[in-house]
Amino acid sequence: MRVFITGGTGLIGSAVVAELLGNGHTVLALARSDASALAAEAAGAEPIRGGLADLDVLRAGATRADGVIHLAFANDFSSPEAVANAVAEETAALAALGEALVGSDRPFVVCSGTPAVPGRASTEADSVQTEGPVSGRGRAVAGVLGLASRGVRSSAVRLPRTVHNEGTGGFAGVLTGIARRSGVSGYPGDGTQRWPAVHALDAAVLFRLALEQAEAGTSWHAVGDEGDQVRDIASVIGRRLGLPVQSVPAETYGPLGVIFAADQPSSAALTRQALGWEPKHPSLLEDLENIQP
């Protein structure tokens, strides 16, 4: 299958590209810079120059492909306005990609986030968030899943709060970065809130399985660890960096503070059973041992 991928040179995307190529697919990779184009080419993909705002480029890439995987996002959480702009850009991009696939029965796999459900681990049957700083992403993904009624084999791979590899990535990576800058390995509140996680190489397998097997309109959970307490995550970070570990205000994390403070464990039981997905790589707490002082 020829697959058009956005975000193919990021931490998750590079793993997905390798997974696709290693299983007989070819890859067209959106590349917004010369460096990204070179990285995509070195990985074995054909780069297509453009960014998420280049809607004609997105439509052309989708038209050339047998399937599409969307992973790109601006990842600018510096202010509420920056988050809103990133969500708006992604929403328009998803609409353009989806329209190019209508009536084709081709797969369109998008990334989403695991929902938070009070008092229990969320499952694949739970709805995505419709409130909060990034709720617009959930609405955009719901629109993609709705394309199932218009001849698109659309599906969503819901990613947990941390997708990691070699001790970097996701919310845990944000904690590490702030710890390096502030001299304190912090966590919001009492730190008992739980964050799910998955290794990037395991998540990549699930994206491929969804591309190959997922039925239209379905959602899947790329969850390796159902939920580690944030203070345990911060403790490993603090030990690896030689820094004190303590609670810090949720405002430390800017627009994402309310999300960082929430308890949000998640399950992937249905995904494992239905798609035969089985995480094999190190857990988050094991992987954080790769952090270097």
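Residues numbered from 1 in each chain as written. Predicted model: local features only at pLDDT ≥ 70, side-chain atom pairs only at ≥ 80, totals over all residues. Heavy atoms only, no water.

An unreviewed UniProt entry annotates the protein as SDR family oxidoreductase originating from Solihabitans fulvus.

Turning our attention to the packing of aromatic side chains. Under the counting rule described, the total for this entry stands at four aromatic pairs. Between Phe171 and Trp195, the ring centres sit 5.2 Å apart and the planes meet at 75°, which makes this aromatic pair edge-to-face. Of this pair, Phe171 sits in helix 6 (residues 170-182) while Trp195 sits in strand 9 (residues 194-199), placing them 24 residues apart in sequence. With respect to burial, Phe171 and Trp195 carry one shared label: buried. Ring geometry for Phe171 and Phe260: centres 4.2 Å apart, planes at 35°, overall tilted. Of the two residues, Phe171 is situated in helix 6 and Phe260 in helix 9 (residues 257-260); the sequence distance between them amounts to 89 residues. Phe171 sits in the buried class, given a relative accessible area of 13%. The structure contains a cluster of three or more aromatic residues connected by ring pairs, namely Phe171, Trp195, Tyr253 and Phe260. Over the face of the ring belonging to Phe73 we find Arg137, whose NZ or CZ atom lies 3.7 Å from the ring centre. (Phe/Tyr/Trp six-rings, centres within 6.5 Å; stacked < 30°, edge-to-face > 60°. Helix = DSSP H or I, 4+ residues; strand = E, 2+ residues; numbered from the N terminus. Buried < 20%, exposed > 50% of the residue type's maximum accessible area, 1.4 Å probe, protein only. Lys NZ or Arg CZ within 6 Å of the ring centre and 35° of its normal.)

Turning to the pattern of salt bridges, a few remarks are in order. One pass over the structure, following the stated rule, counts 11 salt bridges. Arg150 is paired through a salt bridge with Glu99; the nearest N and O atoms lie 3.0 Å apart. Of the two residues, Arg150 sits in the loop between helix 5 (135-146) and strand 6 (153-159) while Glu99 sits in helix 4 (residues 80-101), which places them 51 residues apart along the sequence. A residue is classified by how much of its surface remains accessible, and Glu99, at 47% relative accessible area, is partly exposed. The partner of Arg120 in a salt bridge is Asp126, and the shortest N-O contact between them spans 2.8 Å. Overall, Arg120 belongs to the partly exposed group, its relative accessible area being 38%. Under the relative-accessibility criterion, Asp126 is labelled buried at 14%. (Salt bridge = Lys/Arg side-chain N within 4 Å of Asp/Glu carboxyl O.)

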